[in-house]
Amino acid sequence: MTHRRIGLADIEPDHPAHRAHQAALRSIDRVVHDDARPQGEHLARPGVLGVLRQSPLIITGAGVSTDSGIPDYRGPQGSLRRHRPMTYQEFRFDAAARQRYWARSYVGWRQMVAAAPNDTHRILAEWNACGLISGIVTQNVDGLHAQAAREVASASQISHEHDPAALVALHGDLDRVICLNCGAMESRHGLDARLDEVNPGYIDAALSDRLDVNPDGDVSLPDGLIGDFQMVACLNCGSFLLKPDVVYFGESVPPERRRHASELLDDAGGLLVIGSSLAVMSGYRFVLDAQRAGKPVALINAGPTRADAKAEYRWRARVAPAVTWLHGQLET
């Protein structure tokens, strides 16, 4: 007798997992409107610089990594225009969804791991190393802030006065994999080597066409290739419930990570958000907390953000030239 696997569609509508999935879909679909009057650059630029001089906490989003070849979600070329991220509930309760994710992620990982920090990552790492800011909280899962911090440290041309722990990857890092059954952790590089062994020739077949990588590390693949993909099991317990150690839509940020980020905001003189629309609450919450604490809020983003009406300064600009200009002003 065969037993059909239970999927998300089999869960009752009033089940907590189903409600969380629906809430996640609403978060993904959230449209960030232009709900504040435009602020002229003559006012925004010096205002943002003034906040930067107050040792702010910096929150970064996908717009910081676009110059490294990783698209954002909601920008003009954002991945949401062609791809909806998988929710945690889909991943957890639907074996077919996990198969689809890992096949696509196995291919997309090649492009993610090849991405390198850009000048914005390096400038922010320098500010952090020198104690010019209270820290960096990134919503990105690409690991490029940490890589830039290592590059800056190895350059040995900066007096490292700041705590290297003043970098929080709020939503985790694609470089780690966790087993949802037993909690065992594995490096993504180790998992990838095991996948190579059981999927010979798969990458060559997938890369015969041009593929667009998504911010969460996967790519679009035809159904036939997805069906051919072979997954491996947890080294500790043998479960196939392996998941990248990142916070999916519909999943909560771990409490200790949220606490660490809040402590950095407590120590900050203000808040500077760079390259994020703040569409999801995990990032937007810092604006609300800063506002309650009477700390100034400044934004740099190419498009509107959810916090525009709450920020003292809104610099509507591309991230790279804006951060480069700020860096130059600090050096004068």
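Residues numbered from 1 in each chain as written. Predicted model: local features only at pLDDT ≥ 70, side-chain atom pairs only at ≥ 80, totals over all residues. Heavy atoms only, no water.

The name an unreviewed UniProt entry gives the protein is protein acetyllysine N-acetyltransferase, with Citricoccus muralis as the organism.

### Some thoughts on the sheet that holds strand S3 (residues 167-169)
Threshold: Only strands that DSSP links by at least two bridges are regarded as paired with each other. Each helix corresponds to a stretch of at least 4 residues labelled H or I by DSSP, and each strand to a stretch of at least 2 residues labelled E; elements are numbered beginning at the N terminus. Under this scheme, a helix contributes an axis fitted over its contacting stretch, all axes are lines through C-alpha atoms, and angles between N-to-C directions fall in the 0 to 180 degree range.
The parallel open sheet is built from 6 strands, whose spatial order is S3-S2-S1-S7-S8-S9. Here the strands that pair on one side only, and so sit at the sheet edges, are S3 and strand S9 (313-316). Across the sheet, the mean angle separating the axes of adjacent strands is 15° when strand polarity is ignored. Where strand S1 (residues 57-60) and strand S7 (residues 271-274) come together, 4 bridges link them in parallel fashion. Following the sheet pairing, Ile59 is matched in S7 by Val273.

### Some details on helix H12 (residues 319-331)
The periodicity of an α-helix, 3.6 residues per turn, causes residues three or four positions apart to be oriented the same way. Applicable threshold: What a helix is expected to span follows from its residue count: subtract one and scale by 1.5 Å. Remark: exposure states derive from per-residue accessible area (1.4 Å probe, protein chains only) relative to the maximum for the residue type, with buried under 20%, exposed over 50%, and partly exposed in between. Picture the helix axis, draw a direction to every C-beta atom, and the arc is the one those directions span. By definition, residues are in contact when any of their heavy atoms lie within 4.5 Å.
With 13 residues, H12 extends 19 Å between its outermost C-alpha atoms, agreeing within 8% with the 18 Å of an ideal straight helix rising 1.5 Å per residue. Where H12 is concerned, the buried positions are Val319, Ala320, Ala322, Val323, Leu326 and His327. Down the axis of H12, the sector holding all buried residues measures 165°, keeping them to one side. Of the surrounding secondary structure, the elements contacted by the buried residues of H12 are helix H2 (41-52), helix H5 (119-130), S7, strand S8 (297-301) and S9.

### Some points on the UniProt feature "active site" (unreviewed entry) in the protein
Here is the rule we go by: UniProt positions are given in the numbering used here, feature names are shortened, and annotations may be inferred rather than shown by experiment.
Here the UniProt-annotated "active site" (unreviewed entry) positions come out as His171. Tracing the sequence through the fold places His171 in the loop between S3 and strand S4 (172-179). What makes His171 buried here is its relative accessible area of 12%. Beyond its immediate chain neighbours, meaning those up to four positions away, His171 contacts Thr138, Gln139, Val141, Asp245, Val246, Val247, Val253, Arg257, Val280 and Ser282.

### Here's the deal with the packing of H2 against H12
Applied cut-off: Note that the term roughly parallel is reserved for angles under 35 degrees, roughly antiparallel for angles over 145, roughly perpendicular for angles of 65 to 115, and oblique for everything else. In a left-handed crossing the near helix is turned counterclockwise from the far helix by less than a right angle, and in a right-handed crossing that turn is clockwise. Three residue categories are used. Nonpolar comprises Ala, Val, Leu, Ile, Met, Phe, Trp, Tyr, Cys and Pro, charged comprises Asp, Glu, Lys and Arg, and polar comprises the others, including Gly.
Remark: H2 packs on H12, axes separated minimally by 11 Å, with the N-to-C direction vectors making an angle of 60°. Judged by the angle between their axes, H2 and H12 are oblique. Taken as a pair, H2 and H12 cross one another with a handedness that is right-handed. The residues of H12 that touch H2, namely those facing Arg45, Val48, Leu49 and Leu52, are Trp325, Leu326, Gln329 and Leu330. Classifying every residue of the contact of H2 with H12 gives 6 nonpolar, 1 polar and 1 charged.

### Quick look at the packing of aromatic side chains
Heads up, the rule is: For Phe, Tyr and Trp, rings pair up if their centres lie within 6.5 Å, where Trp contributes its six-membered ring, and each pair is then called stacked (planes under 30 degrees apart), edge-to-face (over 60) or tilted (otherwise). The criterion for a charge sitting over a ring is simple: Lys NZ or Arg CZ within 6 Å of the ring centre, and within 35 degrees of the ring normal.
Applying the stated rule across the entire model yields 8 aromatic pairs. One aromatic cluster in this structure is built from Phe91, Tyr101, Trp102 and Tyr248. Across from the ring centre of Trp325, 4.4 Å away, lies the NZ or CZ of Arg45, which sits over that ring. Between Arg92 and the ring centre of Phe93, over which it is positioned, the NZ or CZ distance is 5.6 Å.

### Let's talk about the pairing of strand S6 (residues 242-246)
Consecutive side chains along a regular strand alternate between the two faces of the sheet. In terms of burial, S6 is largely enclosed, as 5 of its 5 residues are buried. Where S4 meets S6, 4 bridges bridge the pair, whose relative direction is antiparallel. Bridge pairing in S6 links Val177 to Pro244.

### Comments concerning the confidence of the model for the protein
Quick note on the threshold: One confidence number per residue, pLDDT, is output by the predictor and ranges from 0 to 100.
Looking at the protein as a whole, the pLDDT averages 87, with 81% of positions reaching at least 70. Note on residues 1-6: pLDDT under 50 across the span, and 5 contacts to partners over four residues away in sequence or across chains. Between residues 77-82, whose pLDDT stays under 50, and residues either more than four places distant or in other chains, the model counts 19 contacts.

### Details of the pairing of S7
Selection criterion: Orienting the strands away from the viewer, one traces the path from the first strand over the helix to the second; a clockwise path indicates a right-handed crossover.
Of the two faces of S7, the one carrying Leu271 and Val273 and the one carrying Leu272 and Ile274 are both buried. Across 4 bridges, the pairing between S7 and S8 is parallel. Following the sheet pairing, Ile274 is matched in S8 by Ile300. Crossover handedness for the path S7 to helix H11 (residues 281-292) to S8: right-handed.

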